[in-house]
Amino acid sequence: YGKQDHKQPFNSRFALRDKPLTLLDIMENYTPHAEFAFLSACHTAVGDKIPDEIIHLAARLHFSGFKSFIST
């Protein structure tokens, strides 16, 4: 499950079994060879409500260094 934090985007997160994985966690874990991310969870490709800010969890992963991704 994905949860977007519109007020603090770096706190947007994926709900995992043990603890959430935030975008900040992903960005702090330097992965220069990140090739592909497959996101199969709710709210991973849902954009913000403001038309100028069509940023979602999948796009933020792309900006974090992943070269490609699929989000369902």
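Going by the structure above, here's the rest.
Figured I'd write up the structure that's included with this text. (Residues numbered from 1 in each chain as written. Predicted model: local features only at pLDDT ≥ 70, side-chain atom pairs only at ≥ 80, totals over all residues. Heavy atoms only, no water.)

1. Some remarks on the overall build of the protein
Condition: Each helix is a run of DSSP H or I of at least 4 residues and each strand a run of E of at least 2, with the numbering of both proceeding from the N terminus. Buried residues are those whose accessible area, probed at 1.4 Å on protein chains only, stays under 20% of the maximum for their type, while exposed residues exceed 50% and partly exposed ones sit between those limits. Any two residues having at least one pair of non-hydrogen atoms within 4.5 Å are treated as being in contact.
What the protein contains, in helices and strands, is two helices and five strands. Counting helices and strands in the order they occur from the N terminus, the protein gives β-β-β-α-β-α-β. Across the 72 residues in the protein, those meeting the buried criterion constitute 28%. Sequence separation of 24 or more characterises 56% of the internal contacts of the protein that already satisfy a separation of 6 or more.

2. Remarks on the sheet that holds strand β1 (residues 2-3)
What counts, and what does not: Two strands qualify as a pair provided that DSSP identifies no fewer than 2 bridges between them.
The antiparallel open sheet is built from three strands, whose spatial order is β1-β2-β3. If you trace the sheet from one side to the other, it starts and ends with β1 and β3 (21-22), each paired once. As paired elements, strand β2 (residues 13-14) and β3 share two bridges and run antiparallel to each other. Following the sheet pairing, phenylalanine 14 is matched in β3 by leucine 21.

3. Brief notes about the pairing of strand β4 (residues 36-39)
Alternating positions in β4 separate cleanly, Ala37 and Leu39 being buried on one face and Phe36 and Phe38 remaining unburied on the opposite face. Bridge analysis of β4 against strand β5 (residues 68-71) gives four bridges, and the strand direction is parallel. Note that in β5 the partner of leucine 39 across the bridge is serine 71.

4. Regarding the side chain of threonine 22
To keep it simple, the criterion reads: In protein, a polar contact requires one atom able to donate a hydrogen and another able to accept it; more generally it is a pair of N or O atoms within 3.5 Å, and residues adjacent in sequence count only if both atoms are side-chain atoms.
For threonine 22, the position within the fold is in strand β3. What makes threonine 22 buried here is its relative accessible area of 14%. Within polar-contact distance, the side chain of threonine 22 engages the backbone nitrogen of aspartate 25 at 3.0 Å. With residues up to four places along the chain from it excluded, the contact list for threonine 22 reads Phe10, Asn11, Ser12 and Arg13.

5. A few points about a nonpolar patch on the surface
Definition in use: Each patch groups residues whose relative accessible area exceeds 30% and which form no salt bridge, using 9 Å between like charges and 5 Å between nonpolar side chains of Val, Leu, Ile, Met, Phe, Trp and Tyr. Every accessible area reported is derived by Shrake-Rupley at a probe size of 1.4 Å, with residue values counting cover from the shown protein chains alone. Put simply, a salt bridge is a Lys or Arg side-chain nitrogen that is within 4 Å of an Asp or Glu carboxyl oxygen.
Side chains of Phe10, Leu24 and Met27 sit close together on the surface and give an oily, nonpolar patch of about 270 Å² of accessible area. When you line up the elements, leucine 24 lands in helix α1 (residues 23-28). Of the residues examined, leucine 24 reaches a relative accessible area of 35% and is grouped as partly exposed.

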